[in-house]
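What the coordinates show
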Amino acid sequence: MLTTLKTVYTDTRASDLAWALGREPLPALAVLNLELSGAKVQLRLLGASHQVLLEEEQGSCSETVACMPGSSTPLPLGVAKRLGEWEYEFAARVETLSGGSFAGRAQELLALVADHPNGLAGTFPGSPHAFTAMLAQRGEGQVRWRTWHAYPQEGQLVVTRTRVGVRMAAPVAL
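My aim in this report is to walk through the structure given alongside it, one point at a time. (Residues numbered from 1 in each chain as written. Predicted model: local features only at pLDDT ≥ 70, side-chain atom pairs only at ≥ 80, totals over all residues. Heavy atoms only, no water.)

When its secondary structure is counted, the protein shows one helix and 12 strands. When the helices and strands of the protein are placed in sequence order, the string is β-β-β-β-β-β-β-β-α-β-β-β-β. Its C-alpha radius of gyration of 16 Å places the protein within 12% of the 16 Å reference for a compact globule of 174 residues. Counting only C-alpha atoms and orienting by the principal axes, one finds that the protein spans roughly 60 × 30 × 30 Å. Expressed as a percentage of the 174 residues in the protein, the buried residues total 46%. Considering only residue pairs separated by 6 or more positions, the protein has 56% of its internal contacts joining residues 24 or more positions apart. When the accessible area of the protein is evaluated, it comes to approximately 8,900 Å², of which 52% is carbon and sulfur surface. Each charge sign in the protein was given a centre, from 15 positive and 16 negative side chains, and these centres are 2 Å apart. (Helix = DSSP H or I, 4+ residues; strand = E, 2+ residues; numbered from the N terminus. Rg over C-alpha atoms; globule rule 2.2 N^0.38 Å. Buried < 20%, exposed > 50% of the residue type's maximum accessible area, 1.4 Å probe, protein only. Contact = heavy atoms within 4.5 Å. Areas by Shrake-Rupley, 256 points an atom, 1.4 Å probe, with all protein chains shown as cover. Lys, Arg positive; Asp, Glu negative; His and termini not counted. Charge placed at Lys NZ, Arg CZ, Asp CG, Glu CD.)

Set out below in structure tokens:
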């Protein structure tokens, strides 16, 4: 699903993004509710990026990547945590692209997510390449999502990927 977000586009920077786990739902500009083999996933586009809410029989998880005033947790390159019966893994990277490459990559990603039944993308007014996009899937007992946050004024694309799944028992030594 592709939507135009009804908010003023401000020149935030990729370096302003912060990561948080366990936050309450924040006000969203667009929401996509998914049922993925027993897992309820809510993809939420915020005025300042994204939030994913996951609820399953084993528990719940909330991930927020956004420009959060007062946050002291910058966007990490990687996180691995145990959440009850789950293992949570998060990774992020920043791609810096030239103007032409950025525009092409933006169009490619928006087309991919807009046509996907488990995808949500929102473009911000003021720039056709300013967007946040999210794509979720379930497989092999895990829920996974990827996100893309575009900052055309900097030529930067922040890419994240997350995996949440049931913790596997440690192999028994013989």
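Here the narrative resumes, following the displayed structure.
Next up on the list: the sheet that holds strand 3 (residues 30-36). Each strand in a sheet pairs with its neighbour through backbone hydrogen bonds, running either in the same direction (parallel) or in the opposite one (antiparallel). Strand order in the open sheet made by the five strands is 2-6-5-4-3, with antiparallel pairing throughout. For this open sheet the edge positions go to strand 2 (18-21) and strand 3, each flanked by a neighbour on one side alone. Shown here is a sheet whose adjacent strand axes are inclined to one another by a mean of 10°, direction ignored. (Pairing = 2+ DSSP bridges. Axes fitted to C-alpha atoms, helices over the stretch in contact; angles between N-to-C directions.)

All right, on to the nonpolar core then. The biggest cluster of nonpolar side chains holds 32 residues, and the ones touching the most others in it are Val 41, Leu 43 and Leu 54. At the level of elements, strand 3, strand 4 (39-46), strand 5 (49-56), strand 6 (59-66), strand 8 (86-96), strand 10 (131-139), strand 11 (142-151) and strand 12 (156-166) are the ones that each hand at least two residues to this core. Those residues in contact with Val 41 that sit more than four places away from it in its chain are Leu 32, Asn 33, Leu 34, Leu 36, Val 52, Leu 53, Leu 54, Ala 136 and Val 143. Among the nonpolar cores identified, the runner-up in size contains 13 residues, and Phe 102, Leu 110, Ala 133 and Leu 135 belong to it. (Core = buried A, V, L, I, M, F, W, Y, C linked by side-chain atoms within 4.5 Å.)

For the rest of this paragraph, the subject is the environment of Ser 37. Note on placement: Ser 37 falls in the loop between strand 3 and strand 4. Between the alpha carbons of Ser 37 and Gly 139 there is a distance of 9.0 Å; along the sequence they are 102 residues apart.

Attention now goes to the side chain of Arg 44. Mapped onto the secondary structure, Arg 44 falls in strand 4. Here Arg 44 occupies a buried position and makes no salt bridge, while the nearest side chain of opposite charge, Glu 24, is found at 9.7 Å. In this structure Arg 44 touches Pro 25, Leu 26, Pro 27, Ala 28, Ala 30, Val 31, Ser 49, His 50, Gln 51, Leu 53 and Met 134, once residues within four positions along its chain are discounted. (Salt bridge = Lys/Arg side-chain N within 4 Å of Asp/Glu carboxyl O.)

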